[in-house]
Amino acid sequence: MRFVFFVLLLLAQAPAAELTLEFELRWRGAPLAVPSADLAGAGDRTLRITRFAALVSGVSLARADGGAVRLDGQYGFIDAESGKLNMTLRNVPEGDYVGLEFQLGLPASVNHADPAQWAAGHPLNPIVNGLHWGWAGGYVFAAIEGRWRAAGMPEERGFSYHLATDARVMCVGFVALVKVAGPTTVSLALDLGKAVGGHVLAADDGSETTHSAADDALADKLANAMERAWFFLEAGPTSVAPDVGRPVGIGEDIPGLVTSSATTPRPFVVPAGFPQPELPADNPLTEEGVELGRRLFGDRRLSARNTQSCASCHGMETAFSDGRALSIGADGKPGTRNSMPLFNLAWSPSYAWDGSQPRLRDQALAAITNEVEMHADPAKIVAELGGDRRVREDFAAAFGTPEVSVERIGLALEQFMLTLVAADSKFDRSLRGTEQLTEEEQRGFALFVTEYDPVRGKLGADCFHCHGGTLFTDFGFRSNGLDVASVDAGRAVVTGKPTDAGKFKTPSLRNVAVTAPYMHDGRFGTLEEVVAHYDRSVRRAANLDPNLAKHPDAGLQLTTDEQKALLAFLRTLTDSKLVSSP
């Protein structure tokens, strides 16, 4: 016992360093980018990988004396498409090690804990990783998705492998010399060609998907293959990146920051079960700022010739959308996309159908100045509002001085829109036990969260892959098969990637019953049309999401009663307080 205490004491006294794990992806030895080009699979199969994401935990370093340094409580999220392929571990005792281990997955106590506990930006925050299974409980430990085709097949199909559950934590270990002396980097490679490349895919036989159920032999096979597909590359001192600019220090001025001591802080209450949002640090909510934003939201002086306000296209009764397929701009011209509803914006990592705006204030100002939308001249807005004594008083109350500027207009609108929270629907009340869903609504919910996989006896509507969790969106960009070739390039306008053509942001299904018409171009006027599209009318576009592309050509084949039940559940997601608040 005294020996163990002595070892722990030595470790506590040892200098600590940062250890970075760098992950490389390969396909049968060659570097792999995601989304990938065509890859040679088993037999005559050709594959494209469109997603690889995983959670890392349980890192430990082995000592030559048989002891180990466990770095429990530190987690990593890796995502190939966004380039997140490393994790940094802190407080690692310096020394010479002879082995490294980690897990793809999480301890059971963490896997089943409330995901709302994790701070904004934490690897286990569902907004960060998009791997939490919502009401089903627990995380997906590794997600591998893509498209495939066999010789002679007229069209590609999809595959979607989600490895999860406590029994399928994947353990990876290496016998290797790792010297930690100051910041250190260990480079590792995962060969997805070894993990999934030898798996034979066939249409509609269950080989295109795994749900990690207890009796899912395919999940076991893929998890075992993942454990054996890793390679140790090298370990050495961490390269120091060049200084690319001086960060703003604590207490320094940030443009637009509310610094007036006269303002009243407004708390942001995170609803029960919701993940922690990352609120803008340079624009804290205040009662005065929110009130200014509310007034500006309804002010027609923010548009050309004072013809319309933000509220003209974002009305309260329709969850801050406008009920038109395409909104009409200040000059009477229709836009090119449907007006998105405005709520739960505090959790969104980007804005607009294509994610082109990184901040809510950017989206607000983009709409104000867009020539098809509000078509306003910023200089004229500032001059007109600045000439109004009441407006100057409102700006002084919110920002400390009466100066009116475009930047401050954006900040005030951002504050107001951040307060539009939808979290009190009939469904939410049923989770709290204060209201009960009908049998039909319960059946609709069951369809919503169940896969469509006839081979394994699952005949659900398969909605939760994109709309799971408390926010009913994963905030991803996906092609949902509206057209074989989309007229609107969607996300590709922002990224310039052909693989993003026809992809649009996944909208939340909260308040969906009051936000018709639907889709980015408002083509569907009713929820019935939306359900019918996913049931039997999905087109096999080149970038169709794998979770849709794995469905058979005949579609889900939901019965009339099943469609009615699904619609009944969707109508329980309306927050009546949001759409009727004074």
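Worth saying up front: this structure is predicted, and the values here are computed from it rather than measured. (Residues numbered from 1 in each chain as written. Predicted model: local features only at pLDDT ≥ 70, side-chain atom pairs only at ≥ 80, totals over all residues. Heavy atoms only, no water.)

A. The arrangement of the overall build of the chain in detail. Scanning the chain for helices and strands turns up 18 helices and 18 strands. Compactness check: the chain gives a C-alpha radius of gyration of 26 Å against a globular reference of 25 Å for 582 residues, within 12% of the reference. Projecting the C-alpha coordinates of the chain onto the three principal axes gives extents of approximately 75 × 60 × 50 Å. Sequence-distant contacts, at least 24 apart, represent 70% of the contacts inside the chain between residues at least 6 apart. Counting only carbon and sulfur atoms, one obtains 55% of the accessible surface of the chain, whose full area is about 26200 Å². Put simply, the chain has 55 plus and 72 minus side-chain charges, and the middle of one group is 1 Å from the middle of the other. (Helix = DSSP H or I, 4+ residues; strand = E, 2+ residues; numbered from the N terminus. Rg over C-alpha atoms; globule rule 2.2 N^0.38 Å. Contact = heavy atoms within 4.5 Å. Areas by Shrake-Rupley, 256 points an atom, 1.4 Å probe, with all protein chains shown as cover. Lys, Arg positive; Asp, Glu negative; His and termini not counted. Charge placed at Lys NZ, Arg CZ, Asp CG, Glu CD.)

B. Up close: the pattern of salt bridges. In total, this model carries 44 salt bridges according to the counting rule given. Ionic pairing is found between Glu-24 and Arg-26, a salt bridge with its closest N-O pair at 3.4 Å. Its salt-bridge partner being Glu-145, residue Arg-51 comes within 3.0 Å of it at the nearest N-O pair. With a gap of 94 residues between them, Arg-51 in strand β4 (residues 46-62) and Glu-145 in strand β9 (residues 140-149) connect regions that are remote in the sequence. Both residues of the pair, Arg-51 and Glu-145, belong to the buried class. In the salt-bridge network here, residues are joined through shared partners; they are Glu-291, Arg-294, Arg-295, Arg-390 and Asp-394. (Salt bridge = Lys/Arg side-chain N within 4 Å of Asp/Glu carboxyl O. Buried < 20%, exposed > 50% of the residue type's maximum accessible area, 1.4 Å probe, protein only.)

C. Structural context of the nonpolar core. Phe-52, Phe-102, Leu-192 and Met-226 are the most contacted members of the largest nonpolar core, which totals 69 residues. Counting 44 residues, the second largest nonpolar core, distinct from the first, contains Cys-310, Ile-368, Ala-376 and Ile-409. (Core = buried A, V, L, I, M, F, W, Y, C linked by side-chain atoms within 4.5 Å.)

D. Main features of unusual backbone geometry. Omega for the peptide link from Val-34 to Pro-35 comes to 0°, which places this bond in the cis form. One can find Pro-35 in the loop between β2 (30-31) and β3 (39-40). Of note, Thr-165 is a non-glycine position whose phi angle comes to about 80°, a positive value. Among the structural elements, Thr-165 can be located in the loop between β10 (157-164) and β11 (170-180). Of the residues examined, Thr-165 reaches a relative accessible area of 26% and is grouped as partly exposed. The phi angle at Asp-204 is positive, at roughly 60°, despite the residue not being glycine. Inspection of the secondary structure assignment puts Asp-204 in the loop between α4 (192-195) and β13 (209-210).

E. Representation of the pairing of β4. Extensive coverage of β4 is indicated by the burial of 15 of its 17 residues. In the sheet, β3 pairs with β4 via two bridges, with the strands oriented antiparallel. Bridge pairing in β4 links Ala-40 to Thr-46. The hairpin formed by β3 and β4 contains five residues between the paired strands, and Gly-43 there has a positive phi angle of roughly 60°. Here eight bridges tie β4 to β9, and the two strands are oriented antiparallel to one another. Bridge assignment links Arg-51 to a residue of β9, and that residue is Glu-145. The pairing of β4 with strand β6 (residues 76-79) spans four bridges and is antiparallel. Across the sheet, residue Ala-54 finds its bridge partner in β6, namely Ile-78. (Pairing = 2+ DSSP bridges.)

F. Here's a closer look at the confidence of the model for the chain. Across the chain, the average pLDDT comes to 93, with 94% of residues at or above 70. Low pLDDT (under 50) marks residues 3-11, which in the prediction has three contacts with non-local residues, meaning those over four places away or in another chain. Residue range residues 242-259 is modelled with pLDDT below 50. Its contacts to residues more than four positions away, or to other chains, number 18 contacts. (pLDDT = per-residue confidence, 0-100.)

G. Expanded view of helix α10 (residues 389-399). Within α10 the residues assigned to the buried category are Val-391, Asp-394, Phe-395, Ala-398 and Phe-399. Considered in projection along α10, the buried side chains sweep an arc of 105° and stay on one side of the axis. Residues of α10 that are buried in the fold lie against α6 (287-297), α9 (378-386) and α11 (406-418). The opening residue of α10, the one whose side-chain oxygen lies 2.9 Å from the backbone nitrogen of Arg-390, is Asp-388. In the segment just after α10, Gly-400 is the residue with positive phi, at about 95°. (Arc of directions from axis to C-beta. Polar contact = N/O pair within 3.5 Å; in protein donor to acceptor, adjacent residues only side chain to side chain.)

H. Spotlight on the environment of Ala-17. Within the secondary structure, Ala-17 sits in strand β1 (residues 16-27). Taking the C-alpha atoms as reference points, Ala-17 and Ser-312, separated by 295 residues in sequence, lie 55 Å from one another. Beyond its immediate sequence surroundings of up to four residues, Ala-17 is in contact with Leu-89, Arg-90, Asn-91, Val-92, Glu-94, Val-180, Gly-182 and Pro-183.

I. Spatial organisation of the environment of Ala-319. For Ala-319, the position within the fold is in the loop between α7 (310-313) and α8 (360-369). Apart from the residues lying within four places of it in its own chain, the contact partners of Ala-319 are Pro-341, Leu-342, Phe-343, Asn-511, Val-514, Thr-515, Leu-578 and Val-579.

J. Region of the structure containing the packing of aromatic side chains. Under the counting rule described, the total for this entry stands at 19 aromatic pairs. Considering the side-chain rings of Phe-274 and Trp-347, the 5.2 Å spacing of their centres and the 65° angle between planes classify their relative orientation as edge-to-face. One end of the pair, Phe-274, is in the loop between β14 (230-237) and α6; the other, Trp-347, is in the loop between α7 and α8, and 73 residues separate them in sequence. There is no split in this pair, since Phe-274 and Trp-347 are both buried. (Phe/Tyr/Trp six-rings, centres within 6.5 Å; stacked < 30°, edge-to-face > 60°.)

K. Fine view of the packing of α6 against α11. Relative to each other, α6 and α11 sit at 100°, their axes nearing to 7 Å. Here α6 is positioned roughly perpendicular relative to α11, judged by the angle of their axes. Touching Gly-289, Val-290, Leu-292, Gly-293, Arg-294, Leu-296 and Phe-297 of α6 are Ile-409, Ala-412, Leu-413, Gln-415, Phe-416 and Met-417, all from α11. For the contact of α6 with α11, the per-class residue count stands at nine nonpolar, three polar and one charged. (Axes fitted to C-alpha atoms, helices over the stretch in contact; angles between N-to-C directions. Parallel < 35°, antiparallel > 145°, perpendicular 65-115°, else oblique. Nonpolar A, V, L, I, M, F, W, Y, C, P; charged D, E, K, R; others polar.)

L. Quick look at the state of the cysteines. A complete count under the given rule lists zero disulfides for this structure. Of all cysteine sulfurs in the structure, the one in Cys-310 sits closest to Cys-313, which takes part in no disulfide; the separation is 8.9 Å. For Cys-313, a relative accessible area of 15% corresponds to the buried category. Take Cys-466: it sits in no disulfide, and the sulfur closest to it among the cysteines is that of Cys-463, at 9.1 Å. (Disulfide = S-S within 2.5 Å.)

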